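Descriptive structure summary
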Amino acid sequence: MASLSLPRVLQLKKNSLDAEREQFEKFQTLAIQKAINSIETPVKEKHVRSTIIGTFQEQSAVTYWMVAIRLPLQDNRIVSWKFCHVTHKLLREGHPTCLDDSQRHIGMIENLGKLWVHLREGYGRLIHLYSNLLVTKLKFHARNPRFPGNMLLTADELDAIAENDVNNYFQLCVELFDYMEDILSLQAAVFDSLGNARANSMTASGQCRLAALIPCAQDSSHIYDCNVRLLFRLHAALPPDVLAGHRERFRQQFKKLSSFYKHASSLQYYRNLLTLPVLPSNPPNFLLQSDFGTYVTPVVSIPEQPPDEVDAVGSLIDTSDTISQRASPERVEPDPIVERDRLIDHLQNELKRMRSEVSQIIQERNTMLGSMREHCTRMESQLRATKNELEEEKQKMDIISVETPEIKKKLTQTEEKAKILDEKFQKLKGAYTQLREEHIALIRQKAEVDKNASSLRAAAAQHESAKTMLQQQLNDRMKDVELLQQSASSSEEIEAYKSELTNLRTELEQARQKEVELESLRASMEALEIEHKTTTTELEVKLTAVTNELKEVTENNEKIKQEISEKDAEYSKVRDELMCLRQKSGDEYKKAVEEREDALKQLAELQQQYQHEKQDLLQQNTILEADMGSLKIQLEEAKQAIKKQTSKLVSCASETALEVMNGALSAFENSNAQDANNLAAELAIKSLEELTDNAKMEGKEEVVAKSAIFAAHNAAKLSAYLADLSNITTDIELSDKLNTECRDMLTSTKLCLEALAGGAVDAAGCAHARAAVHSALHAARGADAHAARARCVDDELADMDRAIEAAAAQIEKMLAASRAGDTGIKLEVNEKILDACTTLMAAVKILVQDSRKLQNELGDPKTRQKMYRRNPQWSEGLISASKAVVFAAKLLVTSADEAVGAAGRVEGVSAAAHEVAASTAQLVAASRAKAPPAAPALASLTAASRAVAAAAGAVVASVRGASALVRDQEALDTSALSLTATRRLEMESKVRALELESALDAERARLAALRKRHYHLAQLHENGKVTNGEE
């Protein structure tokens, strides 16, 4: 038999879906690579169209990015430029999920722009700006996911996105301004790279750069429309000063965008590819809301391209067989089927073109209709506003017409006051001038008197000097006379001397008379000076008083003049407003006159009716007065009965309140919270039973009122206790149960009391409320029992203290046993390790005691218990930290036992010491959380934590020293080994090393798995989904 081949049935075959996927990826890869190539020509639309259709088939852009990131983007500038162009087209026209799929590639696009920015000429700067534009677009759509990729929105959709919130309008306008600036900077850079020559637009390199501006122009028109609408919304809601920056930024972008459209429209390349709008010469005036009615939305349209034709170069070559044409003289008729297909294709193309034109016209009509609707709504709002303003002006006119006579009276009064004050001012001014002249005259007289006094003082001085001289001469003469008398030489000389003496005496008498005159003149001068001083002081006082009065009068005059000017201005304003209102309300006045005439007619008719009805009412009044007397008597009786009833109810309510307060006081002094709330539940049940028993309230109102008050008060008290239990419990299910029971109890009691307020006792409702109170009481007792069963933090700390003491005792026993049974290096190693462990356990013991002291400083046991219940997470953390310390102490004891034993594994002691340090650090952190900063135990706890860390380091150091001693003892002596023995031992050492490496890898994998499980269980334990390691 020949060799058999496998049947074709058994060969592996691809699934049809896999084949389709493979074919799709192959086709997309080919289209993307053809669209993004290294040839400096514009991107072909058919390849871009194929890529966009692929995103709709795939409903994502995963394949595009899978192919695009493998292209030589960092090596070739043309490839990078076309990549940015195709990506922009894809984000605009591709499937909506393309925006979400492209978010993860923002970093790659940014890095691409940063790379090519170093190439400062040509495409380097353009790629950098295009990358910034793409990043800005992606971030904008990430912040505003309701914006489509092509940015085309209606006014209603824009309002829905902004949620009619001014803050959202403001932020959205800023983001759109940033987007527009990136587009304008890119187009400016592209046109700058082309230069001033427009012929560059018909070259392949120029078209490669210009083709990328087509999606930019489409985005810019929609962004411009959104900005205009948003700015009009903002100016309608905010003052113009706040939006001055927005207006200036829009004005600059408007100029740049207008020049962009004008420049692009003048290029030959864009004439068949793009239809750009012409913006108005001036930007919209946002301060006038009416300017929005003339606003026209700019539309950038792209005419539909004809189907791809045969290559023009190939069509110029005549490939027909001339010989066959010459040989066949007969003319070949065209195939009618081909002609029909051509006609169908032509008609389909025309139909598509017409449909696009119709859709464009419909779109323009919709935009016009939307703008007209908005204009109509604005006009209606303005009409309502003008009506409201007109009504307000009418009210103001009425108020002003009432106030005008009062204003006129005030004006006349102020004018009269001004006249009186003017007269006073003139009188005071005259008095002031007269006093001033008198003052000046007195000052001049004083100057003359001062001059006379000075001359008199000089004459008196001269007289005094002459008098002294004469007195001296007289004395001399008297001496000479005496001498002459004594000598008596001659009588003639004596006579001569006597005559001289008489002359001198006469002169002396004259001098004395002049002295008397001078003294009288001095006295008169002093009197004149005193009078002058008094007159000057009086004049100064009068002058100051007059000046003060003059100032006050001038100030009052100025104030009155200001008031008169203000009143005149107000009066002129009021008069102008009245004139305007009279002009405005001419027609309304006529209507009012007509309405007044109608009203007068109706008033006359009503007066007639009133006369008729008045006679009827007079007749009925006599009957009603008789009835009124009897009703007054009945009313007095009813008032007395109501007073008695209200006094009974007040006394009943006061008695009930007093009983409630006595019960609360006794419960506060004689029982705890649980007993008090159990008593409250029993009283509520008893009150509800009394309500059901007294279903008929006639004659039992006081009992029913007392029962209702007791039921409401005790139910509220029980609900407060349940709420407290729900807030402090750590069990979520128990908390939910308590909340539901409390809610049911309160709603049922409320329904029962509402029925009672309606005037009837609902026995079924009271029974339901009583059952709800029973259920709530049972739930509260269960919660109390659960709380009593739960271990307290203080208990856990006490257990931890006992466990630390037991571990320290075990280590001391191990140290004693090692000293008794070991010798040599082993004894030295064991003593070092166990001494360090003993020191560590002593430090841990001190830390635990300080932790308990710090907890005791938080308050008495009841206060701490309430704190633990109110902060369940903290208490759980403290309990878990104490358990971790106990676990670490036990682990240290076990590791020390293994190190001292026959195995001699000292590495476990080091790991246990690290575990002890970590667990004590957790305990310190948990203890610090609620401790007061100034607590004295906190400082000792911090010192104990440092001591534990130092002791753990000492344990690790002793373990390392012990390991070094053991290694030194077990050092291999190679002096007596032969070659064969050495090789054998070397091979055994290599095998041992490989075994240890594999064991190390296995142990590390085991450690990772244990850590993973530990973290998972810890997370579940925090969430309350695990207990003791069981989910």
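Procedures and definitions
Residues numbered from 1 in each chain as written. Predicted model: local features only at pLDDT ≥ 70, side-chain atom pairs only at ≥ 80, totals over all residues. Heavy atoms only, no water. Helix = DSSP H or I, 4+ residues; strand = E, 2+ residues; numbered from the N terminus. Buried < 20%, exposed > 50% of the residue type's maximum accessible area, 1.4 Å probe, protein only. Areas by Shrake-Rupley, 256 points an atom, 1.4 Å probe, with all protein chains shown as cover. Axes fitted to C-alpha atoms, helices over the stretch in contact; angles between N-to-C directions. Parallel < 35°, antiparallel > 145°, perpendicular 65-115°, else oblique. Left-handed = near helix turned anticlockwise from the far one by under 90°. Contact = heavy atoms within 4.5 Å. Nonpolar A, V, L, I, M, F, W, Y, C, P; charged D, E, K, R; others polar. Patch = residues over 30% accessible without salt bridge, like charges linked within 9 Å, V, L, I, M, F, W, Y side chains within 5 Å. Salt bridge = Lys/Arg side-chain N within 4 Å of Asp/Glu carboxyl O. Lys, Arg positive; Asp, Glu negative; His and termini not counted. Charge placed at Lys NZ, Arg CZ, Asp CG, Glu CD. Expected span 1.5 Å × (residues − 1). pLDDT = per-residue confidence, 0-100. Phe/Tyr/Trp six-rings, centres within 6.5 Å; stacked < 30°, edge-to-face > 60°. Lys NZ or Arg CZ within 6 Å of the ring centre and 35° of its normal. Arc of directions from axis to C-beta.

**What to know about the overall build of the chain**
On a plain count of helices and strands, the chain comes out with 28 helices and zero strands. Here the chain holds 1031 residues, and the buried ones make up 32% of them. Approximately 66,100 Å² of the chain is accessible, and the part contributed by carbon and sulfur atoms is 54%.

**Some remarks on the packing of helix H11 (residues 213–237) against helix H12 (residues 244–265)**
Between H11 and H12, whose axes approach to 11 Å, the crossing angle comes to 150°. Of the possible angle classes, the one that applies to H11 and H12 is roughly antiparallel. The way H11 lies across H12 gives a crossing that is left-handed. Touching Leu213, Ala217, Ser220, Ser221, Tyr224, Asn227, Val228, Leu231, Leu234 and His235 of H11 are His246, Arg247, Phe250, Gln253, Phe254, Leu257, Phe260 and Tyr261, all from H12. Along the lines of polarity and charge, the residues of the contact of H11 with H12 split into eleven nonpolar, six polar and one charged.

**Details of the side chain of Arg92**
Position of Arg92 among the secondary structure elements: in helix H4 (residues 77–93). Sequence-distant contacts of Arg92, that is, excluding residues within four places in its chain, are made with Lys137, Gly149, Asn150, Pro215, Gln218 and Asp219.

**Some thoughts on a negative patch on the surface**
A cluster of acidic residues, Glu549, Glu552, Glu555 and Glu558, forms a negative patch on the protein surface. Tracing the sequence through the fold places Glu558 in helix H16 (residues 491–584).

**Notes on H11**
Taking 1.5 Å per residue, 25 residues should reach 36 Å; H11 reaches 36 Å between its end C-alpha atoms and fits that length. Of all 25 residues in H11, 22 are buried, a share of seventy percent or more.

**Observations regarding the confidence of the model for the chain**
In the predicted model, the chain carries a mean pLDDT of 75, and the fraction of residues at 70 or more is 74%. Averaged over each element, pLDDT in the chain is lowest for helix H13 (residues 312–316) (34) and highest for H4 (93). Overall, residues 1–12 carries pLDDT values under 50, and its contacts beyond four positions in sequence, including any with other chains, amount to two contacts.

**A few points about the packing of aromatic side chains**
Summed over the entire model, instances satisfying the criterion amount to 17 aromatic pairs. Arranged with centres 5.0 Å apart and planes meeting at 65°, the rings of Phe140 and Phe147 form a pair that is edge-to-face. Centroid distance Phe232 to Phe286: 5.0 Å. Interplanar angle 65°. Geometry classified as edge-to-face. Of this pair, Phe232 sits in helix H11 while Phe286 is found in the loop between H12 and H13, placing the two residues 54 residues apart along the sequence. Here Phe286 falls in the buried class, since its relative accessible area comes to 3%. Counting every residue linked through ring pairs, the aromatic cluster contains Tyr224, Phe232, Phe250, Phe254, Phe286, Phe292 and Tyr295. In this arrangement the basic side chain of Arg209 is found over the ring face of Tyr123, its NZ or CZ atom lying 4.6 Å from the centre.

**A few points about the pattern of salt bridges**
Scanning all chains against the criterion turns up 15 salt bridges. Between Asp219 and Lys137 there is a salt bridge; the shortest N-O distance is 3.8 Å. One end of the pair, Asp219, is in helix H11; the other, Lys137, is in helix H7 (residues 123–143), and 82 residues separate them in sequence. Comparing Asp219 with Lys137, the two get one shared label, buried. Asp159 is the salt-bridge partner of Arg233, the closest N and O atoms lying 3.1 Å from each other. Within this pair, whereas Arg233 is found in helix H11, its partner Asp159 is found in helix H8 (residues 155–162), the two being separated by 74 residues in sequence.

**Points about the environment of Leu230**
Locating Leu230 in the fold gives a position in helix H11. Leu230 sits in the buried class, given a relative accessible area of 0%. Contact partners of Leu230, with chain neighbours within four places excluded, come to Leu158, Tyr169, Leu172, Cys173 and Leu176.

**Structural notes on H8**
Within the sequence span of H8, burial applies to Ala155, Leu158, Asp159, Ile161 and Ala162. Summarising the axial view, the buried residues of H8 lie within an arc of 160°, below the 170-degree limit, and thus occupy one face.

**Quick look at the side chain of Thr55**
Secondary-structure assignment places Thr55 in helix H2 (residues 45–58). For Thr55, a relative accessible area of 2% translates into the label buried. Once you skip the residues sitting within four places of it in the chain, Thr55 turns out to touch Ser60, Leu90, Gly94, His95 and Cys98.

**Section: the packing of helix H6 (residues 106–116) against H7**
One way to put it is that H6 packs onto H7 with a least axis distance of 7 Å and a crossing angle of 160°. The orientation of H6 with respect to H7, classified from their angle, is roughly antiparallel. With respect to the hand of their crossing, H6 and H7 are arranged in left-handed fashion. Counting all contacts with H6, which are made through Ile106, Ile109, Glu110, Leu112, Gly113, Lys114 and Trp116, the residues of H7 involved are Gly124, Arg125, Ile127, His128, Ser131, Leu134, Val135, Leu138 and Lys139. Split by residue class, the contact of H6 with H7 holds eight nonpolar, four polar and four charged.

**Describing the environment of Gly782**
With respect to the helices and strands, the residue Gly782 is situated in helix H21 (residues 763–789). Along the sequence, Gly782 and Leu738 sit 44 residues apart, while their C-alpha atoms lie 9.9 Å from each other.

**Regarding unusual backbone geometry**
One non-glycine residue, Met151, lies in positive phi territory at about 65°. Assignment of secondary structure puts Met151 in the loop between H7 and H8. Of note in the backbone geometry, Glu163 takes a positive phi value of approximately 60° without being a glycine. Relative to the helices and strands, Glu163 resides in the loop between H8 and helix H9 (166–194).

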